[in-house]
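Remarks on the overall topology
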Amino acid sequence: MQLVLAPSNLGLSPLHDEHVPGTWRAPEALMDAGLGEAVNYSHLHSLPRPDYHPEAQEGTRIRNGHAIRAYALTLGETTRDICTSGEFALVIGGDCSLLLGALVGARQVGPVSLVHIDGHSDFRHPGNYDPAVALSGAAGMDLALATGRGEPLLTVWPNVSGPLVSDVNVIQIGERESHDPDFAWSDIADTAIEQVDIFEAQKIGPSGLSQRIHDVLLRAPEQSFWIHFDVDVMDQAIMPAVDCPGSPGLSPQHLVQILSPLVSSARCLGMTLTIYDPDRDPTGRCAATIIDILLALPFR
């Protein structure tokens, strides 16, 4: 395994004037909490922290859009090298926009499937909101962008034909707002993306959820796959240190059960872990929870 520290907060929106989202501090905070000892890595890559600018920029209606593309290309080069070497790539963020760079790199191996574990579907795109009215953060759009929906700035990539991942090869797990009457991304139900919201995930349990993942990955058994793990999929009672906490959520034990067979698979190229915000974790309790999960996983 090779470990990639990616201290980016480019995809997030400020919560108030002068606010700078703290997820950029996550890699350092998790290393301080014992990340290096929890995972047996052969090489450590530390990417630079990019500059964060909350205001609109020319040529894009995505906050920090140009910087996100540049960062994704840099991360993609690192991920590509790890994937082509045959080692597992563990990318520690940072925010969800890092998924784009990870997939850009993974796609150099060939088409990939995606296991998207997140308390939100992150399916915001111009088909379900008006970009002229609202400036958007890519962290709420990563799944839409990865499946080819949105500005070409973040959907068209060098040496990649079509979207980073096809709808039919994606499973989204953990959406907790799907039953809300004003659910913003309900059009995801009109796609071939497999969906298991948090309520169904709790109902079917770890074994049922693992079977659903297995079935999706079998749609293209020759393909490798990538895991995206946004820690806000955990209940806010366990993981409040995220930009958008909520309930209900998966437990750490549930996550270990579903992630273990995935990270040990020879088909798994790597995993992005995102959205932990140390600014919201003054005691370090949430960092310790994340480290415990990683320590329990049998990375190949």
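See the structure printed just above.
Here goes a summary of the coordinates provided. (Residues numbered from 1 in each chain as written. Predicted model: local features only at pLDDT ≥ 70, side-chain atom pairs only at ≥ 80, totals over all residues. Heavy atoms only, no water.)

**Thoughts on the overall build of the protein chain**
What the protein chain contains, in helices and strands, is eight helices and eight strands. In terms of overall dimensions, the protein chain is globule-like: its C-alpha atoms have a radius of gyration of 17 Å, near the 19 Å expected for 300 residues. Per-residue burial for the protein chain yields a buried fraction of 58% across its 300 residues. Here the analysis covers contacts within the protein chain between residues at least 6 apart in sequence; of these, 77% occur between residues at least 24 apart. As displayed, the protein chain has an accessible area near 11,400 Å², and 51% of this comes from carbon and sulfur atoms. In the protein chain, which carries 17 positive and 37 negative side-chain charges, the distance between the mean positions of the two groups comes to 4 Å. (Helix = DSSP H or I, 4+ residues; strand = E, 2+ residues; numbered from the N terminus. Rg over C-alpha atoms; globule rule 2.2 N^0.38 Å. Buried < 20%, exposed > 50% of the residue type's maximum accessible area, 1.4 Å probe, protein only. Contact = heavy atoms within 4.5 Å. Areas by Shrake-Rupley, 256 points an atom, 1.4 Å probe, with all protein chains shown as cover. Lys, Arg positive; Asp, Glu negative; His and termini not counted. Charge placed at Lys NZ, Arg CZ, Asp CG, Glu CD.)

**A word on helix H7 (residues 252–263)**
Taking 1.5 Å of rise per residue, 12 residues should cover 16 Å, and H7 covers 15 Å from first to last C-alpha, within 8% of that figure. Burial of H7 is extensive: nine of the 12 residues sit out of reach of the surface. Taken together, the buried positions of H7 are occupied by Pro252, His254, Leu255, Val256, Ile258, Leu259, Ser260, Leu262 and Val263. (Expected span 1.5 Å × (residues − 1).)

**Here we look at the sheet that holds strand E1 (residues 2–6)**
Taken in spatial order, the eight strands line up as E2-E1-E3-E8-E7-E4-E5-E6 in an open sheet, and their pairing is parallel. Of all the strands in the sheet, just strand E2 (43–46) and strand E6 (194–196) have a single pairing partner and so form its edges. Looking at each pair of strands side by side, their axes are set apart by 15° on average, direction ignored. (Pairing = 2+ DSSP bridges. Axes fitted to C-alpha atoms, helices over the stretch in contact; angles between N-to-C directions.)

**Some thoughts on the packing of helix H6 (residues 198–217) against H7**
Relative orientation of the contacting elements H6 and H7 amounts to 15°, with a least axis distance of 10 Å. By the angle between their directions, the pair H6 and H7 is classed as roughly parallel. Seen along the crossing, H6 lies across H7 with a hand that is right-handed. Side by side, H6 and H7 meet where Ala201, Gly205, Pro206, Leu209, Ser210, Ile213 and Leu217 of the first sit next to His254, Gln257, Ile258 and Leu262 of the second. Of the residues belonging to the contact of H6 with H7, the class tally is seven nonpolar, four polar and no charged. (Parallel < 35°, antiparallel > 145°, perpendicular 65-115°, else oblique. Left-handed = near helix turned anticlockwise from the far one by under 90°. Nonpolar A, V, L, I, M, F, W, Y, C, P; charged D, E, K, R; others polar.)

**Section: the state of the cysteines**
The full count for this structure, using the stated rule, is zero disulfides. Not engaged in a disulfide, the cysteine cysteine 83 finds its nearest cysteine sulfur in cysteine 268; these two sulfurs lie 9.2 Å apart. With no disulfide of its own, cysteine 286 lies closest to cysteine 244 among cysteine sulfurs, the gap being 15 Å. In this structure cysteine 286 comes out as buried when scored by relative accessible area, which is 1%. (Disulfide = S-S within 2.5 Å.)

**Re the nonpolar core**
The biggest cluster of nonpolar side chains holds 55 residues, and the ones touching the most others in it are Phe229, Val231, Leu255, Met271, Tyr276 and Phe299. Counting 43 residues, the second-largest nonpolar core is a separate cluster that includes Leu10, Ile62, Val112 and Leu154. (Core = buried A, V, L, I, M, F, W, Y, C linked by side-chain atoms within 4.5 Å.)

**Quick word on the pairing of strand E4 (residues 112–117)**
Consecutive side chains along a regular strand alternate between the two faces of the sheet. Burial runs high along E4: six of the six residues are buried. Neither face of E4 is open: one carries Val112, Leu114 and His116, the other Ser113, Val115 and Ile117, and all of them are buried. Across four bridges, E4 lies against strand E5 (residues 170–173) in parallel orientation. What sits directly across from valine 115, in E5, is isoleucine 171.

**Things to note about the pairing of strand E3 (residues 89–93)**
Burial analysis of E3 places five of its five residues in the buried class, the great majority of the element. Burial of E3 is two-sided: the residues Ala89, Val91 and Gly93 facing one way and the residues Leu90 and Ile92 facing the other way are all buried. Pairing of E1 with E3, which is carried by five bridges, proceeds in the parallel orientation. Bridging across to E3, glutamine 2 finds its partner in alanine 89.

**Considering the packing of aromatic side chains**
Summed over the entire model, instances satisfying the criterion amount to two aromatic pairs. Positioned above the aromatic ring of tryptophan 24, the side-chain terminus of arginine 49 is 3.7 Å from the ring centre. Over the face of the ring belonging to tyrosine 129 we find arginine 124, whose NZ or CZ atom lies 3.9 Å from the ring centre. (Phe/Tyr/Trp six-rings, centres within 6.5 Å; stacked < 30°, edge-to-face > 60°. Lys NZ or Arg CZ within 6 Å of the ring centre and 35° of its normal.)

**What to know about the environment of serine 8**
By secondary structure assignment, the location of serine 8 is in the loop between E1 and helix H1 (26–32). Taking the C-alpha atoms as reference, serine 8 lies 9.4 Å from proline 27; in sequence the two are 19 residues apart. With near-sequence residues (within four places) excluded, serine 8 lies in contact with Thr23, Trp24, Pro50, Tyr71, Gly94, Asp95 and Leu98.

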